[in-house]
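These are the residues of each chain, in order.
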Amino acid sequence: MKRAFEKIPNSWYEQIINLLAERVVVVDRNGIIIYINEGYCEFIGTTVEEAVNRPVQDVIENSRMHIVAKTGQTELAALQSINGSEMIANRFPLFENGEIVGALGSVMFRNPEEWQMYKTKIQNLVEELNYYQARAQRDLQSKYNFNDLIGDSPAFLSVKKLAQRISGSNSSVLLIGESGTGKELFAHAIHHNSMRASGPFVAINCSSIPEHLLESELFGYEDGAFTGAKKGGKKGQFEMANKGTLFLDEIGDMPLSMQSKLLRVLQEKEIYRVGGQKSISVDVRIIAATHRDLEKMVKKGDFRQDLYYRLNVIKIEIPPLRQRGEDIILISNWLLKKLGTKFYRNSIELSPEVAVRLTQHSWPGNIRELENVLERSINVLDGKVIKLPHLPLYLRDQEADITEEAKINVHDEHQPANIHELSPSLSVQPLKEAVVAAEKQAMQRALAVAKGNKLKAAKLLGISKTSFYDKCKLYSIK
Ligand SMILES: Nc1ncnc2c1ncn2[C@@H]1O[C@H](COP(=O)(O)OP(=O)(O)OP(=O)(O)O)[C@@H](O)[C@H]1O
């Protein structure tokens, strides 16, 4: 190495240094400048003569060369503000016989244009990074609040009220309800209404993650915890949800081995990453949800009883749509508005027959099914009104069933009385039709008692004004 330098004439040194970096400065162990090149001097508005032999911090703004000459710690690609611009500087300690004798500093860019080009590139990258960071942050926030929970049936309102009331508490919440009843929506709204609203909302579906990945997904892992593990390790959902809410959807599908680990975390309020030795404290509120009968699972030994008690501090049971038939039209209208915006199809309405059909269906898939039906109908629709042929076949088939039975009924009415006696079932109306007829009758009676005052009639029936108006429309009651 030494021999290689010997061949370089002394007069070349400065040229080589200047070509290696536009701005170079060398200080002794006390931070006094012993060399600075002209490029650097020009940039900071001084001359070599003025700068040499002076403390570096007096000559170069925000310099840390005197510090590097003391600590011996290299500083690479450090941001340094000079003349209002961010420079990128490298600072190296210089050693002789193992002792620090000074430091060498260089600014990485040769001219303002080059700097500008890099600066623009870096700025773009920083902006991109900020954008993705903000987006990732947004993804960890609740997207819905209680206003997004539509329904004004007494059954739904009492559940919504309970959820609102317990939002502020820190206790665990267990949401029980059939698929598509809005459990996730409730979890978002509870978080949004809680003291943790400014913290993250992290949702994880326990049934969609393979069992062997669930632990690392929940608790994270350390560097090298297993083959394929990301370098530097990874935070788990518990850590991501720190100071916020962790929504554990489909908790009933969590394997028993994981249930024990989850219970430990809920008790200790600390986690261990997979392959990690040190505990990490976490402050997380748990909202769990399931469509399964957890009590039955506990009895069968499929769900840990102690975990069930831990999660079941506040239990909220969301009623299925068929138990709140009066919400169907209200939710449908709200969904039509939402879907209208999504598909640029505004003012879409339900025909009265479709409205009746929707209230007759039992909605095993609940609001998700209703949303799918309406989305499909909008897609096959030309005008503004959804009519029976726009509904999916399985809903139209109900029409055939009902009409068949209606035919039997009509036919029946003309039969002699003894035939009724022989086959009483033929004169029986389908329950759904009977309910619809009874509802219509009750409304007409209430209107008559209230002398046509709809608000009064709604009060007499114990339903909201909106619900009453929707039903009037549905049954063509003027
Ligand atoms: N009360 C409601 N008002 C308006 N939309 C609702 C309501 N409840 C549910 N939805 C809508 O229904 C769909 C299903 O809701 P969500 O995913 O919250 O149900 P879920 O009970 O968590 O279902 P799953 O158990 O299948 O995960 C979503 O599109 C949601 O926006």
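Computed from a predicted model, the values in this text were never measured in an experiment.

A. Seen up close, the overall build of the protein. Broken down by element type, the protein carries 22 helices and 16 strands. Evaluated residue by residue, the protein yields a buried proportion of 40% over its 478 residues. By element, 53% of the accessible surface of the protein is carried by carbon and sulfur atoms, the whole surface being about 27,100 Å².

B. Structural context of the packing of aromatic side chains. As enumerated under the stated definition, the model contains four aromatic pairs in all. Relative to Phe186, the ring of Phe156 has its centre 5.9 Å away and its plane inclined at 75°; by these criteria the two rings are edge-to-face. A residue pair is termed long-range when its members are at least 10 positions apart, and Phe156 in helix α8 (residues 154-166) and Phe186 in helix α9 (residues 183-192) qualify at 30 residues. Grouping residues by exposure puts Phe156 and Phe186 together as buried. Measuring from centroid to centroid gives 6.3 Å for Phe201 and Phe247, while their planes differ by 20°, and the two rings are stacked. Note that Phe201 is positioned in strand β7 (residues 201-205) and Phe247 in strand β10 (residues 245-249), a separation of 46 residues in sequence. For the pair Phe201 and Phe247, a shared accessibility class is recorded, and that class is buried.

C. Looking closely at the packing of helix α15 (residues 328-343) against helix α16 (residues 352-360). Where α15 meets α16, the closest approach of the two axes is 10 Å, and the angle between their N-to-C directions is 120°. Of the possible angle classes, the one that applies to α15 and α16 is oblique. Regarding α15 and α16, the two cross each other, and that crossing is right-handed. Taken together, the residues of α16 that come into contact with α15 (itself represented by Ile328, Ile329 and Ser332) are Ala355, Leu358 and Thr359. Here the residues of the contact of α15 with α16 sort into four nonpolar, two polar and no charged.

D. Looking closely at the sheet that holds β10. Pairing is parallel in the open sheet, where five strands are placed in the order β7-β10-β13-β6-β14. One side of each edge strand has no neighbouring strand; the edge strands of this open sheet are β7 and β14 (314-317). Sheet twist, expressed as the mean angle between neighbouring strand axes with direction ignored, is 15°. Of the strand pairs in this sheet, strand β6 (residues 173-176) and β14 are connected by four bridges, and their pairing is parallel. Bridge pairing in β14 links Ile176 to Glu317. α9 contacts β6, β7, β10, β13 (285-290) and β14 of the sheet and is inclined by roughly 150° relative to β6.

E. Structural context of unusual backbone geometry. Its identity is not glycine, yet Glu250 carries a phi of approximately 55°, on the positive side. Structurally, the position occupied by Glu250 is in the loop between β10 and α12 (256-268). Classification of Glu250 as buried rests on a relative accessible area of 17%. Despite not being glycine, Lys269 shows a phi value in the positive range, around 60°.

F. Spotlight on the pattern of salt bridges. In the structure shown here, the tally under the stated rule is 16 salt bridges. With its nearest N and O atoms 3.0 Å apart, the salt bridge here joins Lys261 to Glu215. On the criterion of sequence distance, the pair formed by Lys261 in helix α12 and Glu215 in helix α10 (residues 211-219) is long-range, its members being 46 residues apart. Looking at Lys261, the relative accessible area reads 36%, which means it is partly exposed. According to the relative accessible area criterion, Glu215 is partly exposed, its value standing at 25%.

G. Layout of the site of the ligand. Contacts to the ligand come from 19 residues, most closely from Ser179, Gly180, Lys183, Arg368 and Glu371. Contacts to the ligand include Lys183, whose side-chain N or O atom sits 2.7 Å from an oxygen atom. Note that an oxygen atom of the ligand is positioned 3.0 Å from one of the backbone N or O atoms of Glu184. In the complex, the protein chains occlude 89% of the 620 Å² of accessible area that the ligand would expose alone. Of all the secondary-structure elements, those providing two or more residues to the shell around the ligand are α9, α15 and α17 (366-379). Partitioned by chemical class, the residues of the shell around the ligand number six nonpolar, four polar and nine charged. No fewer than three residues from each of domain 2 (146-319) and domain 3 (323-474) sit in the shell around the ligand.

H. Here's a closer look at the sheet that holds strand β4 (residues 85-96). Reading across from one edge, β2-β1-β5-β4-β3 is the order of the five strands in this open sheet, with antiparallel pairing throughout. Each end of this open sheet is capped by a strand with a single partner; those strands are β2 (33-36) and β3 (75-82). Across this sheet, the average inter-strand angle for adjacent strands is 25°, counted without regard to direction. Across six bridges, the pairing between β3 and β4 is antiparallel.

I. Fine view of a negative patch on the surface. Taken together, Glu14, Glu38, Glu42, Glu49 and Glu50 make up a surface patch of like negative charges. Of all the elements in the fold, those that place two or more residues in the negative patch are α3 (38-44) and α4 (48-51). With a relative accessible area of 67%, Glu42 lands in the exposed category.

J. Structural context of the pairing of strand β1 (residues 23-28). The buried fraction of β1 is high, at five of six residues. Bridge count between β1 and strand β5 (residues 99-107): six bridges; the pairing is antiparallel. Bridge pairing links Val25 to Gly105 in β5. Pairing geometry for β1 and β2, over three bridges, is antiparallel. If you follow Val26 over to β2, its bridge partner there is Tyr35. Between β1 and the antiparallel strand that follows it, β2, lie four residues; Gly31 among them carries a positive phi value of about 80°.

K. Seen up close, the environment of Asp148. In this fold, Asp148 is placed in the loop between α7 (112-139) and α8. For Asp148, the residues in contact, after removing those within four places along its chain, are Lys143, Leu185 and Trp334.

Cut-offs and rules
Residues numbered from 1 in each chain as written. Predicted model: local features only at pLDDT ≥ 70, side-chain atom pairs only at ≥ 80, totals over all residues. Heavy atoms only, no water. Helix = DSSP H or I, 4+ residues; strand = E, 2+ residues; numbered from the N terminus. Buried < 20%, exposed > 50% of the residue type's maximum accessible area, 1.4 Å probe, protein only. Areas by Shrake-Rupley, 256 points an atom, 1.4 Å probe, with all protein chains shown as cover. Phe/Tyr/Trp six-rings, centres within 6.5 Å; stacked < 30°, edge-to-face > 60°. Axes fitted to C-alpha atoms, helices over the stretch in contact; angles between N-to-C directions. Parallel < 35°, antiparallel > 145°, perpendicular 65-115°, else oblique. Left-handed = near helix turned anticlockwise from the far one by under 90°. Contact = heavy atoms within 4.5 Å. Nonpolar A, V, L, I, M, F, W, Y, C, P; charged D, E, K, R; others polar. Pairing = 2+ DSSP bridges. Salt bridge = Lys/Arg side-chain N within 4 Å of Asp/Glu carboxyl O. Near = heavy atom within 4 Å. Polar contact = N/O pair within 3.5 Å; in protein donor to acceptor, adjacent residues only side chain to side chain. Domains from an automatic or database assignment. Patch = residues over 30% accessible without salt bridge, like charges linked within 9 Å, V, L, I, M, F, W, Y side chains within 5 Å. Lys, Arg positive; Asp, Glu negative; His and termini not counted. Charge placed at Lys NZ, Arg CZ, Asp CG, Glu CD.

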